[in-house]
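In case you want the letters, here they are:
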Amino acid sequence: MNRYQSPYGVYPQQPYVSVQPPQWADPMKLEQKELRRAASRLSFAALAGLPLQYIFINVAAIILMVCGVNLLAPTGNTVGGLPATAYYLVASMMSYFSIVLPYALFLAVGRRRLRDTVLVEKTGALNGILLVLAGVFVCMVMNIPANLISVLLESLGLNGAANTESFTVTTLPELLTMLLSVVLIAPVTEEFAYRGVATAVMRRWGDWTAILFSGLLFGMAHYSFQGLPVVLVGGFVMAFLYVRTRNIWISIAVHFMNNLIAVLPIAVNYLFGAEASTAVNVVSFYAVVLVGIAALAILCVLHASGRPVFRTPMQRGLPVRNKALQLVCNPGFIVYFIAFIAMSVVSLYAA
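To start, this report covers the structure provided alongside it. (Residues numbered from 1 in each chain as written. Predicted model: local features only at pLDDT ≥ 70, side-chain atom pairs only at ≥ 80, totals over all residues. Heavy atoms only, no water.)

1. Details of the overall build of the chain
Alright, step 1. Within the chain, the regular secondary structure consists of 12 helices and four strands.
Alright, step 2. In the chain, which comprises 351 residues, the proportion classed as buried is 44%.
Alright, step 3. Restricting to contacts in the chain with at least 6 residues of sequence separation, those with at least 24 account for 79%.
Alright, step 4. Between the centroid of the 21 positive side chains of the chain and the centroid of its 12 negative side chains there is a distance of 18 Å. (Helix = DSSP H or I, 4+ residues; strand = E, 2+ residues; numbered from the N terminus. Buried < 20%, exposed > 50% of the residue type's maximum accessible area, 1.4 Å probe, protein only. Contact = heavy atoms within 4.5 Å. Lys, Arg positive; Asp, Glu negative; His and termini not counted. Charge placed at Lys NZ, Arg CZ, Asp CG, Glu CD.)

See the structure below:
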């Protein structure tokens, strides 16, 4: 054995042995764990909206009954068992209670600052308008497969109605409160949750990871097979625009326009009749398609001419082995997926 001389004597030289870090200190393992934790907590935040909706609407029903509203044998136009005006007002408040609150708690628990997640950066007026029009076009086109699914389900004797088909208005207060709930409140609350928080948090592991996962959470949150093509692709589109522009108002504008177009025939039917509603439904579809194609063409020309359409490139993020597996194989997502399947099946048999 080799020996070495020290001031205190002669000692045998020990062979070199590499020291491996413990498994818990492996950076790749730590990132996998962090990704699973983030995906699970975001899924639980999305899932929390379901019981919170039932709690809030039942509390609201009790308050209405105390105030003298007859909910056992309601008269007039009703939605979800409530008078239509009351339902839309309750839905507006419920949107904050069941969507904003869980994600706000997610930020608080993770000690994340709001200004670091909900971003508002300059995009440029022309770019912003073109991107919104192109985004609405993509969402509108996905109504085609959604309608085909609805027709197929109805041919099988199942409920193929989309979410907005249950909305009806017979008075001006009902119309105004419906527009408030569906067109104004919903885009802001849902964009805060699924783009402002979920997409921003997941960007740590890459922009495509953030786009796909947040879009999946958003699509499943509607608990409907019938509308899944629209809301799923819409979630991807709005997340993509948010990631590339870093401006939450772009995705809010796309969401606003998409919801407005969805309820516009209902409003026109109340104001001008069924024939005008049918005409507006057809005209709005083709108008959005034509304008959207033109917007996409202009964006392509701008890109080809060297003018940047987006200010930030796509980021790869931190590397994680089996990234897709970590996103879906965690307690939060598994429970959320089971709830989505169960509630979607229930909706198929709803009257």
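2. Things to note about helix α8 (residues 228-245)
Alright, step 1. With 18 residues, α8 should reach 26 Å at 1.5 Å per residue; the first-to-last C-alpha distance of 25 Å fits that figure.
Alright, step 2. Within α8, 13 of the 18 residues are buried, leaving the element largely enclosed by the surrounding structure. (Expected span 1.5 Å × (residues − 1).)

3. Some words on the nonpolar core
A general feature of soluble globular proteins is that nonpolar side chains tend to end up buried together.
Alright, step 1. Residues Leu-42, Tyr-103 and Met-202 are the most contacted members of the largest nonpolar core, which totals 56 residues.
Alright, step 2. Non-local contacts of Tyr-103, meaning those with residues more than four positions away in its chain, are made with Leu-42, Ala-45, Ala-46, Phe-192, Ala-193, Tyr-194, Val-197, Ala-198 and Leu-217.
Alright, step 3. Leu-82, Tyr-87, Ala-91 and Met-178 belong to the second largest nonpolar core, which has 24 residues in total. (Core = buried A, V, L, I, M, F, W, Y, C linked by side-chain atoms within 4.5 Å.)

4. Describing the packing of aromatic side chains
Alright, step 1. This model, assessed by the stated rule, comprises 12 aromatic pairs.
Alright, step 2. Judged by centre distance (5.2 Å) and plane angle (35 degrees), the ring pair of Phe-56 and Phe-97 falls under tilted. With Phe-56 in helix α1 (residues 27-66) and Phe-97 in helix α2 (residues 84-109), the pair connects residues that are 41 residues apart, well separated along the chain.
Alright, step 3. When the centroid spacing of 6.4 Å and the interplanar angle of 85 degrees are considered together, the rings of Tyr-223 and Tyr-336 count as edge-to-face. Of the two residues, Tyr-223 sits in the loop between α7 (207-220) and α8 while Tyr-336 sits in helix α12 (residues 331-348), which places them 113 residues apart along the sequence. Taken as a pair, Tyr-223 and Tyr-336 share a single burial class, namely buried.
Alright, step 4. Grouping aromatic residues by their ring pairs yields a cluster made of Phe-213, Phe-225, Phe-333, Phe-337 and Phe-340. (Phe/Tyr/Trp six-rings, centres within 6.5 Å; stacked < 30°, edge-to-face > 60°.)

5. Describing a nonpolar patch on the surface
Alright, step 1. There is a patch of nonpolar side chains on the surface, built from Leu-89, Met-93, Leu-180 and Leu-184 and spanning about 350 Å² of accessible area.
Alright, step 2. Of all the elements in the fold, those that place two or more residues in the nonpolar patch are α2 and α6 (172-202).
Alright, step 3. With respect to the secondary-structure elements, Leu-180 resides in helix α6. (Patch = residues over 30% accessible without salt bridge, like charges linked within 9 Å, V, L, I, M, F, W, Y side chains within 5 Å. Areas by Shrake-Rupley, 256 points an atom, 1.4 Å probe, with all protein chains shown as cover. Salt bridge = Lys/Arg side-chain N within 4 Å of Asp/Glu carboxyl O.)

6. Notes on the environment of Gly-234
Alright, step 1. Along the chain, Gly-234 falls in helix α8.
Alright, step 2. Once the C-alpha coordinates of Gly-234 and Ala-200 are considered, the two residues, 34 residues apart in sequence, prove to be 17 Å apart.

7. Here's the deal with the pattern of salt bridges
Alright, step 1. Scanning all chains against the criterion turns up six salt bridges.
Alright, step 2. Where Arg-113 meets Asp-116, a salt bridge forms, and the shortest distance between an N and an O atom there is 2.8 Å.
Alright, step 3. Judged by relative accessible area, which is 45%, Arg-113 ranks as partly exposed.
Alright, step 4. A relative accessible area of 43% means that Asp-116 is categorised as partly exposed.
Alright, step 5. Among the salt bridges present, the one from Arg-246 reaches Glu-121, with a minimum N-O distance of 2.9 Å. Separated by 125 residues along the polypeptide, Arg-246 in the loop between α8 and α9 (248-272) and Glu-121 in the loop between α3 (114-117) and α4 (125-141) bring together distant segments of the chain.

8. Notes on the packing of α4 against helix α5 (residues 143-155)
The packing of two helices is summarised by the inter-axis angle and the distance between the axes.
Alright, step 1. For the pair α4 and α5, interaxial distance at closest approach is 5 Å and the crossing angle is 20 degrees. With respect to each other, α4 and α5 are oriented roughly parallel. Residues Cys-139, Met-140 and Val-141 of α4 form the contact with α5, whose own contacting residues are Asn-143, Ile-144 and Pro-145.
Alright, step 2. When the residues that make up the contact of α4 with α5 are grouped by side-chain class, the tally is five nonpolar, one polar and no charged. (Axes fitted to C-alpha atoms, helices over the stretch in contact; angles between N-to-C directions. Parallel < 35°, antiparallel > 145°, perpendicular 65-115°, else oblique. Nonpolar A, V, L, I, M, F, W, Y, C, P; charged D, E, K, R; others polar.)

9. Structural notes on the environment of Val-188
Alright, step 1. Here Val-188 lies in helix α6.
Alright, step 2. Residues Val-188 and Trp-249, spaced 61 residues apart in sequence, show a C-alpha to C-alpha distance of 8.9 Å.

10. Here's the deal with the side chain of Ser-181
Alright, step 1. In this fold, Ser-181 is placed in helix α6.
Alright, step 2. Leave out the neighbours within four places in its chain, and Ser-181 touches Tyr-88, Ala-91, Ser-92 and Ala-186.

11. Describing the packing of α7 against α8
Alright, step 1. Contact pair α7 / α8: the axes reach a minimum separation of 8 Å and the direction vectors enclose 145 degrees. Between α7 and α8 lies a crossing whose hand is right-handed. Every residue of α8 that contacts α7 at Asp-207, Trp-208, Ile-211, Leu-212, Ser-214, Gly-215, Leu-216, Phe-218 and Gly-219 is listed here: Leu-228, Val-231, Leu-232, Gly-235, Phe-236, Met-238, Ala-239, Phe-240 and Val-243.
Alright, step 2. Split into classes, the residues belonging to the contact of α7 with α8 amount to 13 nonpolar, four polar and one charged. (Left-handed = near helix turned anticlockwise from the far one by under 90°.)

12. What to know about unusual backbone geometry
Alright, step 1. Phi at Arg-246 takes a positive value of approximately 55 degrees, unusual for a residue other than glycine.
Alright, step 2. Of note in this structure, Asn-322 is not a glycine but carries a positive phi near 55 degrees.

No statement about biological role is implied by the geometric values presented.
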